[in-house]
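Letter by letter, the chains look like this.
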Protein chains: 2
Amino acid sequence: MAEPSSNPVPPPADTPTEAGEEGPSKKALKKAEAKAKKEAEKAKRAAERAAAAGASASSAQLEDLAKENYGQETHTTKLDADATEITLKTLGDEHVGKTVELRAWVQNSRMQGAKMVFVELREFGNWTIQGIVAANPEQTPVSRQMVKWVGSTNDESFCVVQGTVQKPLEPVKSCRVSNYELHITKLFVVASAPAMLGMTLAAANRPIANFSDEEVPVEDGVEKLSIAASSEPTGVPAASMLTHLDNIIMHKRAPVQQAIADIRMEVKDLFRSYLKSHGFKEFEPPCLIGAASEGGSNVFGLKYFGTEAFLAQSPQFYKQYEIAGGRKRVYCVGPVFRAENSNTPRHMTEFTGLDLEMEIKKDYTEVLHMLEGVLLYIFRGIKERCAEEIELVRSVYPSEEFLLPEAGKEVRLTFAEGQKLLREEGPEEYRNVSDDEDMSTPQEKALGRLIREKYNTDFYVLDKFPEGARPFYAKEDPANPSLTNAYDFFMRGQEILSGGQRINDPTELEARLRKKGVDPSSQGIKEYVQVFRDAGVPPHGGGGIGLDRVVAWYLNLPSVHLAAYYPRTPKRLLP
Amino acid sequence: MAEPSSNPVPPPADTPTEAGEEGPSKKALKKAEAKAKKEAEKAKRAAERAAAAGASASSAQLEDLAKENYGQETHTTKLDADATEITLKTLGDEHVGKTVELRAWVQNSRMQGAKMVFVELREFGNWTIQGIVAANPEQTPVSRQMVKWVGSTNDESFCVVQGTVQKPLEPVKSCRVSNYELHITKLFVVASAPAMLGMTLAAANRPIANFSDEEVPVEDGVEKLSIAASSEPTGVPAASMLTHLDNIIMHKRAPVQQAIADIRMEVKDLFRSYLKSHGFKEFEPPCLIGAASEGGSNVFGLKYFGTEAFLAQSPQFYKQYEIAGGRKRVYCVGPVFRAENSNTPRHMTEFTGLDLEMEIKKDYTEVLHMLEGVLLYIFRGIKERCAEEIELVRSVYPSEEFLLPEAGKEVRLTFAEGQKLLREEGPEEYRNVSDDEDMSTPQEKALGRLIREKYNTDFYVLDKFPEGARPFYAKEDPANPSLTNAYDFFMRGQEILSGGQRINDPTELEARLRKKGVDPSSQGIKEYVQVFRDAGVPPHGGGGIGLDRVVAWYLNLPSVHLAAYYPRTPKRLLP
């Protein structure tokens, strides 16, 4: 808006300017009167202009010329219909000087005196841009009132803005889009955030300091947390997992969680695309099953129309039914349930399984190699597709590069070889392993470190597990029945997959069921065994991968709960 | 094998041949003796050969020269290591004359006298080929014993065969591979089927005659079924759905079920690929939830570590949390649960939902068009990708072509327009519709027939449902609050999708909850409303598609149970 005139007051209108000593002629008088009237009118208009301008200059008691350019969005909100809708990810030089429209969150706003405010806008995918709202009424319809209003917008409100894309004098370091800024001419809040957030975005993006399911004591409004992360120099306090879950929206908006979610999605996608290209067919196993067939403990039961149903602990039987039903190679991705009262960073009561099953032609190692193949494809795939996301996660949860074996040098030890390595070279306290029992978690982790040192890989297979450590459907090694054709896969010393060849002969299956103390005629088992009698079932094998664990251990996150969208634990079903 | 010698008996060895009247010289005698001995040995060997040959000719009391070429597969089974592994789908002229190896099911075998048997082999994907086992010992190591054994192999046994690919004199009409046949030289049964199958493949491939959950009376070993399908001229009796489920493996092996499974898989795949290309992110909602938040009835409850959990009836809240959490566009594919005691061909207690949710920029029809887009993509996609499978299904379950609207001529009626059409042009008995209530299933079907006649499409949308017919999260039409910005999608007059805009303002949401008689502070609801207070949530909408229904109604199957892998009904949790 123009500066007010420097001499707002006109000369007095009534001062005679053309009179001599003699009295003025009638004509001259009329002429003077007309002139004075004209002058008076001119002066009046000037005074009005000056008053208006003066008021605006002081603080706008009168009119806000930008009042239609900001506020809460309503059905009367007017946006320029010809503005180009943009996304920050695809913003380019072709947009410079153009009027654009963006829907985004107010990440923060910083007043720069009364005439300007910086407003950082965040869009999907952790994209941010610097917005500038500057009162300069001559050029843009932005008023000081608008500046003030935008500056008072609550962080995390969702808004629609219009403005002009410009190149900043210097790159904007604080934003992901650093080479453009947005000179905002309109800003409407579509959905307001509260003045006080339950958890700020900065706090949500800090590493989680406590994964206990117990409430964390609060002191001076800050949680007392168990690890030192809370005292980092950023000054932003870290929060507990419980606080994150109680503020699930801010938890999800944190860039680190967005990145983890993106990586998780790619893992699923890579799993499916690899198997599809290898002739696998997708199917869905049921969650509701009629009998607790894979073992009575750790299974959720529920009332079901006068009888009882159970939640599937794995798709094991159904994968095998698909093979028996002639599907050759199948996979499924879905929830599995464990009623296990384990409150550890590795356990959840519901998690996502990536499962496959396939016919075996000659040897069970065909399955082992397929599983190895799909996992290596996933690891290499996310490294390529999610490089930025992985880096972002590492900026919050530091981790060493996940080491992969060179092609052709995959590490496949037998269980016995693994134990030997641990006995001979492992830390003293972990050497006490038993030949026919599975190792403990700390022993497995110690072995993982040994293998990393020796073979330079964080991914490896332990094969030929002892018979006693595997379920009734595991096929015993024909050459040595104290072992099985079954294996576990590990990432950074933690198990992510169990698999192996299954028994496909009903007589052999019944014998092994009895050996394992399971009655072959018990409910759920009887029907399972019958399938192998009903019609010839080819030899087959497979494996089940825990999606949450793959994501968590690849990134070396402190808990699988961070890799899940809505972690379910014995103590937590919300949100 | 060579024919036995025509003169097996040698001349008597002791007859002197070179003696005169005079006694023979000593030398002559010795010579004669040696000659006789030689002759005798020669005769003995000939007799042995003759005996062996004679026995083989009669019925092999002695030796079976092909005995290593057939039988039950064991670890000593010897296969030619240099045989080319084939799949029937990719069999071509380059294989003619080559020794190949195939793993397949014995679909049936037919003896052609004692020296030859035809054996039809079936591989994954409904591929079949004619195999010939012919006793012709001079050329191939096939014996009559082998022919007999192969002829007695039980149908549906799984076997590995080796043989030579040849072109038949005439195309083999009974097999999908009609231009090649397999001259089998080795056949080993890998897994035996029983002599008497619970349901034959032919019966499994007949249309299911009865979908009742009640047992069907059996008369003379054949089920008494409610529809006439059982008396078709093929002579193969149809079976009830219960019989199919009791013989799940043969049910699955039936070509019609293989085809349905393939189509279902493609629907999922098309859903995901379309949404991925439109910027949607996949996520997994939980199945276990802490409160029966979408309405207390029809929800399964279960004991959960001293408290109660429920099975999610839809991913509704969690899709919205993802949008609130900044994910912009999301989809999920997974199980949903309804504790509804509905025993109809349209209902299951567990089914697969295809769900999406997205930010709305200007108008809720953005979501409607996205849903329409993904469904049209699916319909066009399966028509192209699954043409053979669709034809196969139609050969068992005849159906008319599923009609699609021309591009740009999609049929979107308002609920009121649909009702008007039914009132004015529908059958008398279905005209009695109420303005503020949903239509009945028969009314919907009648409307579907009207729309097919009028607009030449089996796929259409009814929009602007009355407020009373939609759940508490449905956004009312700002221009007319007796309506909602919500819609249903239909296939052949049957609903497959419900969706619409959701309320994103917490105050508006609380008001509508109260209007619907739901306490905004009740468990599960309170946390849901809080999400919209926690941080600004953009306007959004979405929809949920029933995968089983899309498959079933596209193919016009008599029941969704046929489209599911393991249908769950109030009376059935097995297999």
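Right, let's walk through the structure included here.

Parameters at a glance
Residues numbered from 1 in each chain as written. Chains lettered and ligands numbered in written order. Predicted model: local features only at pLDDT ≥ 70, side-chain atom pairs only at ≥ 80, totals over all residues. Heavy atoms only, no water. Helix = DSSP H or I, 4+ residues; strand = E, 2+ residues; numbered from the N terminus. Buried < 20%, exposed > 50% of the residue type's maximum accessible area, 1.4 Å probe, protein only. Core = buried A, V, L, I, M, F, W, Y, C linked by side-chain atoms within 4.5 Å. Contact = heavy atoms within 4.5 Å. Buried area = accessible area lost by both parts, 1.4 Å probe. Salt bridge = Lys/Arg side-chain N within 4 Å of Asp/Glu carboxyl O. Polar contact = N/O pair within 3.5 Å; in protein donor to acceptor, adjacent residues only side chain to side chain. Nonpolar A, V, L, I, M, F, W, Y, C, P; charged D, E, K, R; others polar. Axes fitted to C-alpha atoms, helices over the stretch in contact; angles between N-to-C directions. Parallel < 35°, antiparallel > 145°, perpendicular 65-115°, else oblique. Left-handed = near helix turned anticlockwise from the far one by under 90°. Pairing = 2+ DSSP bridges.

**Observations concerning unusual backbone geometry**
- Along the chain, A:Leu574 connects to A:Pro575 via a cis peptide bond; the corresponding omega equals -10 degrees.
- For A:Pro575, the location among the structural elements is in the segment after α14 (547-554).
- Residue B:Glu156 is not a glycine yet carries a positive backbone phi of 75 degrees.
- If you trace the backbone, B:Glu156 turns up in the loop between α2 (144-151) and β6 (158-166).
- Residue B:Glu156 is classed as buried on the basis of its relative accessible area, which comes to 1%.
- Its identity is not glycine, yet B:Lys328 carries a phi of approximately 65 degrees, on the positive side.
- Mapped onto the elements, B:Lys328 comes out in the loop between α7 (316-324) and β14 (329-337).

**Details of the nonpolar core**
- If you look at the biggest cluster of nonpolar residues, it comprises 98 residues, and the most contacted ones within it are B:Leu375, B:Phe379 and B:Phe489.
- By residue number, the principal contributor to this core is helix α6 (residues 255-277) of chain B, which donates 11 residues.
- Ignoring any residue separated from it by four or fewer positions in sequence, one finds B:Phe489 in contact with B:Leu368, B:Leu371, B:Glu372, B:Leu375, B:Phe459, B:Tyr460, B:Val461, B:Gln494, B:Glu495, B:Ile496 and B:Leu497.
- Counting 95 residues, the second-largest nonpolar core is a separate cluster that includes A:Ala261, A:Leu368, A:Tyr487 and B:Leu509.

**Concerning the interface of chain B and chain A**
- Tallying the contact residues gives 92 residues for chain B and 92 residues for chain A.
- Between chain B and chain A lies a buried interface of about 7,700 Å² when both sides are counted; carbon and sulfur atoms form 58% of it.
- Together, B:Phe124, B:Glu284 and B:Phe305 form the three largest contributors to the area buried by chain B at its contact with chain A, with a combined 9%.
- For the pair chain B and chain A, the number of links is 24 salt bridges.
- B:Glu284 serves as the salt-bridge partner of A:Arg264, at 2.2 Å between the closest nitrogen and oxygen.
- Counting the contacts that link chain B with chain A gives 56 residue pairs in polar contact (both at pLDDT 80 or more).
- A per-element tally of the side of chain B that touches chain A places α6(B) first, with nine residues.
- Broken down by class, the residue content of the side of chain B that touches chain A amounts to 46 nonpolar, 13 polar and 33 charged.

**A look at the packing of α6(B) against helix α14 (residues 547-554) of chain B**
Residues and elements named next belong to chain B.
- Viewed as axis vectors pointing N to C, α6 and α14 meet at an angle of 125 degrees, and their least axial separation amounts to 10 Å. Between α6 and α14, the angle falls in the class oblique. The crossing of α6 and α14 is right-handed. Contact with α6, carried on its side by Ile260, Arg264, Val267 and Lys268, involves Leu547, Asp548, Val550 and Val551 of α14 and no other residues of that element.
- Residue classes in the contact of α6 with α14 are distributed as five nonpolar, no polar and three charged.

**Digging into the pairing of strand β12 (residues 301-304) of chain B**
Residues and elements named next belong to chain B.
- Judged by which residues are buried, β12 turns out to be one-sided: Leu302 and Tyr304 face inward and are buried, whereas Gly301 and Lys303, on the alternate face, are not.
- Bridge analysis of β12 against strand β13 (residues 307-311) gives four bridges, and the strand direction is antiparallel. Bridged to glycine 301 within β13 is phenylalanine 310.
- In this structure, the hairpin formed by β12 and β13 is closed by a connection of two residues, where phenylalanine 305 is found at a positive phi of approximately 45 degrees.

**What to know about the sheet that holds strand β22 (residues 540-546) of chain A**
All names here are of chain A.
- Strands sit in the order β10-β14-β15-β22-β21-β20-β17-β16 across an open sheet of eight strands; the sheet is mixed. Whereas interior strands pair on both sides, the edge strands pair on one side only; in this sheet they are β10 (281-282) and β16 (412-414).
- Here helix α6 (residues 255-277) sits on the sheet and contacts β10, β14 (329-337), β15 (350-359) and β22; the angle it forms with β14, its principal contact strand, is near 150 degrees.
- Packed on one face of the sheet, helix α11 (residues 441-455) meets β16, β17 (459-463), β20 (486-491) and β21 (494-501) and runs near 120 degrees to β17.

**Here's the deal with the pairing of strand β4 (residues 116-123) of chain A**
Residue and element names in this part refer to chain A.
- In terms of burial, β4 is largely enclosed, as seven of its eight residues are buried.
- Where strand β3 (residues 99-111) meets β4, six bridges bridge the pair, whose relative direction is antiparallel. Across the sheet, the residue bridging to methionine 111 is valine 117, located in β4.
- Linking β3 to β4, which pair antiparallel, is a turn of four residues; within it glycine 113 sits at a positive phi near 75 degrees.
- The pairing of β4 with strand β5 (residues 127-134) spans eight bridges and is antiparallel. Residue pairing in the sheet places valine 117 in a bridge with valine 133 of β5.
- In sequence, β4 turns back onto β5 through a hairpin of three residues, with glycine 125 there showing a positive phi of about 90 degrees.

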